[in-house]
Amino acid sequence: MDLSTINARGLVLLGCGKMGSALLEGWLSQGVDAGSVHVIDPKPSDWLMAQAVHVNGTLPDAPALVLIAVKPQMMGDALPSLQGFDGDTVFLSIAAGTPISAFEDAFGASARIIRSMPNTPAAIGKGITAIVGNAETSAADLDLAEALLSAVGEVVRLNNEEEIDAVTGVSGSGPAYVFHLIETMAAAGEAQGLSAELSMKLAKATVAGAGQLAMQANDNPTQLRINVTSPNGTTQAALEVLMDEGTGFPDLVGRAVAAATRRSQELRG
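Chains are numbered independently. Their residues run from 1 in the order of the written sequence. Note on the predicted model: pLDDT of at least 70 is required for a residue's local features to be given, and 80 or more for side-chain atom pairs to be given and counted; whole-chain, interface and lining totals, by contrast, use all residues. Based on all heavy atoms of the structure, the side-chain values leave hydrogens and waters out of the count.

(A) The arrangement of the overall build of the protein in detail. The numbering of helices and of strands both runs from the N terminus, where a helix is a DSSP run of H or I of at least 4 residues and a strand a run of E of at least 2. When its secondary structure is counted, the protein shows 12 helices and 8 strands. Viewed in the frame of its principal axes, the protein has a C-alpha envelope of about 70 × 40 × 35 Å. Burial status across the protein gives 39% buried among its 269 residues. Residue contacts are counted whenever heavy atoms from the two residues lie within 4.5 Å of one another. For the protein, the share of sequence-separated contacts (at least 6 apart) that also reach a separation of at least 24 residues comes to 60%. In this description, accessible areas are obtained by the Shrake-Rupley approach with a 1.4 Å probe, and a residue is regarded as covered only by the protein chains that are shown. Counting only carbon and sulfur atoms, one obtains 56% of the accessible surface of the protein, whose full area is about 14,500 Å². Distance between charge centres in the protein, computed from 15 positive and 29 negative side chains, equals 5 Å. Here the term buried applies to any residue with accessible area under 20% of the maximum for its type, exposed to any over 50%, and partly exposed to those in between, with areas from a 1.4 Å probe on protein chains only. A residue counts as positive if it is Lys or Arg and as negative if it is Asp or Glu; His and the chain ends are not included. All charge positions are set by atom: Lys at NZ, Arg at CZ, Asp at CG, Glu at CD.

(B) Spotlight on the side chain of Ser116. Inspection of the secondary structure puts Ser116 in strand S6 (residues 112-117). Taking the relative accessible area as the measure of exposure, Ser116 reaches 1% and is therefore buried. Side-chain atoms alone can form a polar contact between residues adjacent in sequence; in general such a contact is a pair of N or O atoms within 3.5 Å, and within protein one must be able to donate a hydrogen while the other accepts it. A distance of 2.8 Å separates the side chain of Ser116 from the backbone oxygen of Ser93, its partner in a polar contact. Not counting the four nearest positions on each side in its chain, Ser116 is found in contact with Leu92, Ser93, Ile94, Thr129, Ala130, Ile131, Leu149 and Ile164.

(C) Structural detail: the nonpolar core. Counting residues in hydrophobic clusters, the biggest one holds 33 residues, and the most contacted among them are Leu13, Leu24, Trp27, Leu65 and Leu67. When contributions to this core are tallied by element, the ones reaching two or more residues are strand S1 (11-14), helix H2 (18-29), strand S2 (37-40), strand S4 (65-68), strand S5 (90-93) and helix H6 (139-149). At 5 residues, the largest contribution of residues to this core is made by H6. Residues in contact with Leu24, not counting those within four places in the same chain, are Leu13, Cys16, Val37, Val39, Trp47, Leu48 and Val53. Buried Ala, Val, Leu, Ile, Met, Phe, Trp, Tyr and Cys residues form a nonpolar core when they are joined through side-chain atoms within 4.5 Å. In terms of nonpolar packing, the next biggest core, distinct from the first, is built from 24 residues, Phe91, Phe103, Ile113 and Leu158 among them.

(D) Main features of the pattern of salt bridges. By convention in these notes, a salt bridge is any Lys or Arg side-chain nitrogen within 4 Å of a carboxyl oxygen on Asp or Glu. Scanning the model with the defined rule gives 7 salt bridges in all. Arg263 is paired through a salt bridge with Glu266; the nearest N and O atoms lie 3.1 Å apart. Of the two residues, Arg263 and Glu266 both sit in helix H12 (residues 249-268), 3 residues apart, roughly one turn of that helix. A single salt-bridge network, built from bridges that share partners, covers Asp88, Arg112 and Asp141.

(E) Looking closely at the packing of aromatic side chains. Here a pair means two rings of Phe, Tyr or Trp (six-membered ring of Trp) with centres within 6.5 Å. Their orientation is stacked below 30 degrees between planes, edge-to-face above 60, and tilted elsewhere. Inspection of every chain in the model, using the stated rule, returns 3 aromatic pairs. Centre to centre, the rings of Phe85 and Phe91 are 6.5 Å apart; their planes meet at 35°, and the pair counts as tilted. Classification of Phe85 by relative accessible area gives buried; the value is 16%. With a centroid separation of 6.5 Å and 15° between ring planes, the pair formed by Phe103 and Phe107 is classed as stacked. With Phe103 and Phe107 both in helix H5 (residues 100-107), this residue pair falls 4 residues apart, about one helical turn.

Right, here's the structure in full:
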């Protein structure tokens, strides 16, 4: 990460909840000067107050970047505190459901706005975040945003803002789908006679290990599934249920992602 611009001009973090804290922790561990970070948060945590950053103080006149990490319902009250920066400041939002146009209304049509969609594994540095900028942003602006967001995981760039809705349906909401899979696998193990503790341990480790294998293996997930499926074996028996066209994963997950995508579109307006 090229920190010179951030350390020289400063960075403003609006909101330091779970995601904001994860980002801040990542930045500090990668060499961002704590003295260049200015945090605005109405209820700063003990952890935040223990860092050597500026909290609820005077902001720099022209920070390199402002990262907006408040909940959408708090946006109306929070954005006025960010007005007045010059045109060299980049605004980066990780707020779900708030379109770029809302920030252009708040900061002006010439403002440089980048919208992103992270997910909760960012809390352990294993997230994936999609970003897209408005017409005013430059390649350097996107590079800066990517460098900062990569502190908590992978970053991908979108072609247009409309893709954010589908990203929300797949990766933004996706961790909840996986957590529910773990819940249901553990419950199914209990139903087959395992203890609750053992069944949950098996489910967690299996999902975590399979995910890591999918990330690291040369084979794609389809081939990995084939590799573990012996003809007429136990896995095939299970997959005949899970891959059923009417009731299995393909239909169920497809409808779930579509529902999340539609809701993201509704929130965007």
